[in-house]
Amino acid sequence: MENERQSGQAYFGTVLQTVVGQAFAAAGYQRERSPLQMAGGRFRYVREFAGGGRGIIDFQVLVYSDTMWSSGAPSCFRVELTRASERDGAVVRSLSRLVVEDFGVKILPAADHWWSYRDTDSLGKALAEAGHLIVGYGLPWLIGELSPPGD
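Quick look at the structure, then. (Residues numbered from 1 in each chain as written. Predicted model: local features only at pLDDT ≥ 70, side-chain atom pairs only at ≥ 80, totals over all residues. Heavy atoms only, no water.)

### A few points about empty space enclosed by the protein
And then number 1: Applying the stated criterion to the full structure yields 1 cavity of 30 Å³ or more.
And then number 2: By volume, the largest cavity is sized at about 50 Å³.
And then number 3: Taken together, Arg31, Glu32, Ser34, Gln37, Met38, Arg42, Phe43 and Arg44 form the lining of the largest cavity.
And then number 4: Elements with a minimum of two residues in the lining of the largest cavity: α2 (35-39) and β2 (42-48).
And then number 5: Per-element tally for the lining of the largest cavity: the top contributor is β2, with 3 residues.
And then number 6: Its residues assigned to classes, the lining of the largest cavity comprises 2 nonpolar, 2 polar and 4 charged. (1 Å grid on protein atoms, 1.4 Å probe; cavity = no way out; pocket = protein on both sides within 12 Å on 5 of 7 lines; lining within 4 Å. Points joined across faces, edges and corners; volume = space filled by probe spheres on them. Helix = DSSP H or I, 4+ residues; strand = E, 2+ residues; numbered from the N terminus. Nonpolar A, V, L, I, M, F, W, Y, C, P; charged D, E, K, R; others polar.)

So, in structure tokens, the structure goes:
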């Protein structure tokens, strides 16, 4: 990816905002601006709920560039969701574990899944897949409208 030479994390953040930013904003989530966190590969969207709760969507990206140690290794990211309230404390769940284990939807290869990408096209597709799962399962779970079977 040609833009990775400048900053792989910044490039990821730009594509992330392009692919899912509007959907998250429409759901009331705002991207936190923390240059230090973003430089370390963490991008966070937060929503304050009525009644004092909070929903957090964290993207953690590991950007690999071609070096003699990681030649050809794809970059990857994962998504963590945090539902926090004063009454219940914080519940943290990876998106893949929530979908595969909690909801029993075997759409991903494993409950501990990292989305991988090598170029802009594969990054966009991976973010779109994760974004669909966040909108379908993560956002309703964060606000408490959707619970896994047995909860």
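Picking up where we left off.
### Some remarks on the pairing of β2
Regular strands show a simple pattern: their side chains alternate between the two faces of the sheet.
And then number 1: As paired strands, strand β1 (residues 30-31) and β2 are joined by 2 bridges and run antiparallel to one another. Within β2, the position partnered with Arg31 by the bridge is Tyr45.
And then number 2: As paired strands, β2 and strand β3 (residues 54-62) are joined by 7 bridges and run antiparallel to one another. Its bridge partner lying in β3, Glu48 is registered against Arg54.
And then number 3: Taking the residues that link successive antiparallel strands as the turn, the β2-β3 hairpin has 5 residues, and the phi of Gly51 there is positive, at about 95 degrees. (Pairing = 2+ DSSP bridges.)

### Describing helix α3 (residues 95-102)
And then number 1: For α3, the complete set of buried residues consists of Leu95, Ser96, Leu98, Val99 and Val100.
And then number 2: On its buried side, α3 packs onto β4 (75-85), β5 (89-94), β6 (115-117) and α4 (120-143). (Buried < 20%, exposed > 50% of the residue type's maximum accessible area, 1.4 Å probe, protein only. Contact = heavy atoms within 4.5 Å.)

### Considerations on the layout of surface pockets
And then number 1: Quantified by volume, the largest pocket comes out at close to 270 Å³.
And then number 2: For the largest pocket, the lining is made up of 16 residues, of which Arg83, Ala84, Ser85, Arg87 and Asp88 are closest to its centre.
And then number 3: For the lining of the largest pocket, the secondary structure elements donating two or more residues are β4, β5 and α4.

### A closer look at the pattern of salt bridges
And then number 1: This structure, assessed with the given rule, holds 9 salt bridges.
And then number 2: Two residues, Asp58 and Arg42, come together in a salt bridge whose shortest N-O distance is 3.3 Å. Residue Asp58 is found in strand β3, and its partner Arg42 is found in strand β2; the two are separated by 16 residues along the sequence.
And then number 3: Judged by relative accessible area, which is 22%, Arg42 ranks as partly exposed.
And then number 4: For Asp102, the salt bridge is made with Arg93, and the minimal N-O distance between the two is 2.7 Å.
And then number 5: Classification of Arg93 by relative accessible area gives partly exposed; the value is 22%.
And then number 6: Put simply, Arg93, Arg97, Glu101 and Asp102 are held in one network by salt bridges that share partners. (Salt bridge = Lys/Arg side-chain N within 4 Å of Asp/Glu carboxyl O.)

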